Amino acid sequence: LMYLMLLFTKLICSLKVLTSWALILNRRIKSMFYHAYNSYLDNAFPYDELRPLTCDGQDTWGSFSLTLIDALDTLLVLGNRTEFQRVASLLQDTVDFDIDVNASVFETNIRVVGGLLSAHLLAGRAGMELEPGWPCSGPLLRMAEDAARKLLPAFQTPTGMPYGTVNLLHGVSPTETPVTCTAGVGTFILEFAMLSRLTGDPTFENAARRALRALWKTRSDIGLVGNHIDILSKKWVAQDAGIGAGVDSYFEYLVKGAIMLQDEELLNMFQAYDQAIQNYTRFDDWYLWVQMHKGTVSMPVFQSLEAFWPGLQSLLGNLDSAVRTFQNYYSVWRQFGGLPEFYSIPQGYTVDKREGYPLRPELIESAMYLFRATGDHTYLQLGFDALESIERIAKTPCGYASVKDLRDHQLDNRMESFFLAETIKYLYLLFDPTHFLHGGGTEGDGSWEEGGDGGQCVLGAGGFIFNTEAHPLDPAALYCCSRHAQDHQELRDILLSLSQPDGRSKPPAKQTEDPPPNPSDSIALKPGEKRTPPLLSCPVQPFNARLSIFGQVFTDNT
Ligand code: DMJ
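Residues numbered from 1 in each chain as written. Predicted model: local features only at pLDDT ≥ 70, side-chain atom pairs only at ≥ 80, totals over all residues. Heavy atoms only, no water.

## Some thoughts on the side chain of D274
Line of reasoning, step 1. Its place among the elements puts D274 in helix α10 (residues 264-281).
Line of reasoning, step 2. No salt bridge is formed by the buried D274, whose closest oppositely charged neighbour, R282, lies at an N-O distance of 7.3 Å.
Line of reasoning, step 3. Discounting chain neighbours no more than four positions away, the residues touching D274 are W309, Q313 and N318. (Helix = DSSP H or I, 4+ residues; strand = E, 2+ residues; numbered from the N terminus. Buried < 20%, exposed > 50% of the residue type's maximum accessible area, 1.4 Å probe, protein only. Lys, Arg positive; Asp, Glu negative; His and termini not counted. Salt bridge = Lys/Arg side-chain N within 4 Å of Asp/Glu carboxyl O. Contact = heavy atoms within 4.5 Å.)

Dropping the structure here:
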C-alpha cells in the first residue's frame, strides 16, 4: 500500500510539474505571437506580409492584409477576445476583394476564405454581437462568400478542374496557363462545402466535388497521381507522385472532408490512394517520390511539407506507422534545428538550393495530433525544440524571419502568414490539451452555443476540423442552416407557384451537380484588358514540366 501511495504521489507531482511546464511554455508562445503580430501591425499593415529584416510590409498573395485575416482566429485561440473583435471589424471596413489582382485560387481559398469562415464560426465565442440567424448569416460569412465567389470563374472549365490563378476583378486571363498542381485542384472541399451549407448556395460545394471527381479519374493504372496536370487536356505534365509539395493537401482534404462531411466517397478515394502510396513510395517509413505510371523512384527526398502526413495518418488510426515516420522526420529536425525544404534520404543531408526553413508548421501539427493520440512526451519535446530553435535562429527586432539556410542560419526578409495562422497555433495547442478546440464541452459547462434560425442547433460541441491553414471549422455548423436553406427553397417555390398563370407549382429542379459551363460563356479577359504576370499557382512549385526529369530539379536556379 505504501508503495502504491508513493507511486501515486510521484505521478501527481510529475503531472503538476508537467502542467506548470506547459503553462510556462504557453506564456512564451504567446509572447512569440505578440512580437510577430504587433510588428506586423506596426510596420506592415495593410500589406499582406511583414518583412522582418527591413521592418516594412509587402503584398504577396493578393492585397488583402493577408496576415491579419490569417491570424484572426489565432487571437481567439490565445484567448484575446477584445483584439479579435477589433480586428474583425477592422477587416470588414478595410478589405475589398473587388481588386484588379491576379490571385492564387488555392492560397486565397485556404488562407482568406478559410480564415474568414473559421472566424465567423468563432464569432459568438469571441463575444461579438451576432446577427439573428447566425451562423447562417453574418458579416464575416459574407466576406468569405465574397472572396470565394471571386474564385469561381477558375472552376468554369470543361473538366471542372480549376485554373491556378484568377484575376479577382476580371476572371481568368486568356493567357493563363492550364497547368495546375494537384493540391491546387483538390483543396477546396472543406471551405466550399461549409460555405454552401451555411449560405444555402450549392455552387461552391458542387464546384469542389466536380474538381475532385475529375482529378480522381486521372489517376494512373497503379493508382497514383502526379504533381502538375493540364486541366484542359487532363494530361499529367509533371509525373512525380508523392505526398509533399504540390500534392499534400489534396490527400489531407480527402481525409478531413470524409470526416467533416461523413462522406464515404472521399474516404474510399483516399484509401485507394493510400494503398498505392504505401506500396510504391514508402521505404523504411520514409516516403519517396516515384514516377506515377511505373512506380520507379524519381527523387529519394523528404520535403518539409510532407511532415503533415503522420498527423493525418493518426486521424485514420494508423498510429504505428505514423509514429515511426514522425521519428524519421524528427531526426532531421534534430540534425538541423528545423526542417530543410528538401532532405536527401540516401545522403542524409540537405539538397542544393532547398536548405531553407520558412517557419512551416507541419511537424508541429503532426506532434499535436500524435500527442493527443498517444500521450507520449516525445511530441512535447519536439514542441520545446521548435520554440527554442525559432527564438534562437529566426527572431529579429521586428518579427520572425524565414530561415534561408539552416546550415548557416542566414535569414530571408519574409514572415509568411502561416507562421501566425498555423505554426504558433499548433504549438500553443500542443501544450494546451484541454483547449476547447481539442474536444467537446460537456453539457452545461457553457462551452457550447446555440445558433441557427430559432436557436435550434448546438455549436462548439467539439470535433473541430482544421483546414490546411489551421483554421478550425465546426462540423456542427454544417447542419445548422439546412433548415434555413430549405426555407429559402420553400419560399422560392411558393413565389414561383404564385407567379405561374394557372397558379400551379412546378416541382423544383433537383440540385445535384452544376451543369458543365457553356463554352460560349467567356470567362476570359477581353483583349487589351489590364493584366499582371500570374503568381505561382501553388504554394511551392519545385516541379514543372521542364524539371520533372529526375535530377534536374536539384540544379534549377529558381
Ligand atoms: C500553408 O499555407 C498550408 O499548410 C499549406 O497546405 C502548405 N503550405 C503552408 C505551410 O507550410
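Additional details are given in the paragraphs that follow.
## Comments concerning the state of the cysteines
Line of reasoning, step 1. Taken as a whole, this structure holds 3 disulfides when the rule is applied.
Line of reasoning, step 2. Note that C55 is cross-linked by a disulfide to C398, the S-S spacing being 2.0 Å. In this structure the cystine formed by C55 and C398 twists about its S-S bond by roughly -115°; its chirality is therefore left-handed. You can see C55 sitting in the loop between β1 (49-51) and β2 (56-58) and its partner C398 sitting in the loop between β16 (395-396) and β17 (399-400), a full 343 residues away along the chain.
Line of reasoning, step 3. Under the relative-accessibility criterion, C398 is labelled buried at 5%. (Disulfide = S-S within 2.5 Å.)

## Some points on unusual backbone geometry
For residues that are not glycine, phi is negative in most cases, and the peptide bond is trans in most cases.
Line of reasoning, step 1. Across the junction of F45 and P46, the peptide omega takes the value 10°, indicating a cis bond.
Line of reasoning, step 2. On the secondary structure map, P46 appears in the loop between α1 (2-43) and β1.
Line of reasoning, step 3. Each neighbour pair has its own omega, and for W134 with P135 the value is 15°, a cis peptide bond.
Line of reasoning, step 4. In this structure, D284 takes a positive phi of about 50° despite not being glycine.
Line of reasoning, step 5. As for its position among the elements, D284 is in the loop between β9 (282-283) and β10 (286-287).
Line of reasoning, step 6. With relative accessibility at 70%, the residue D284 sits in the exposed group.
Line of reasoning, step 7. Unlike most non-glycine residues, L359 shows phi in positive territory, near 60°.
Line of reasoning, step 8. As for its placement among the helices and strands, L359 is situated in the loop between β15 (349-350) and α13 (362-374).

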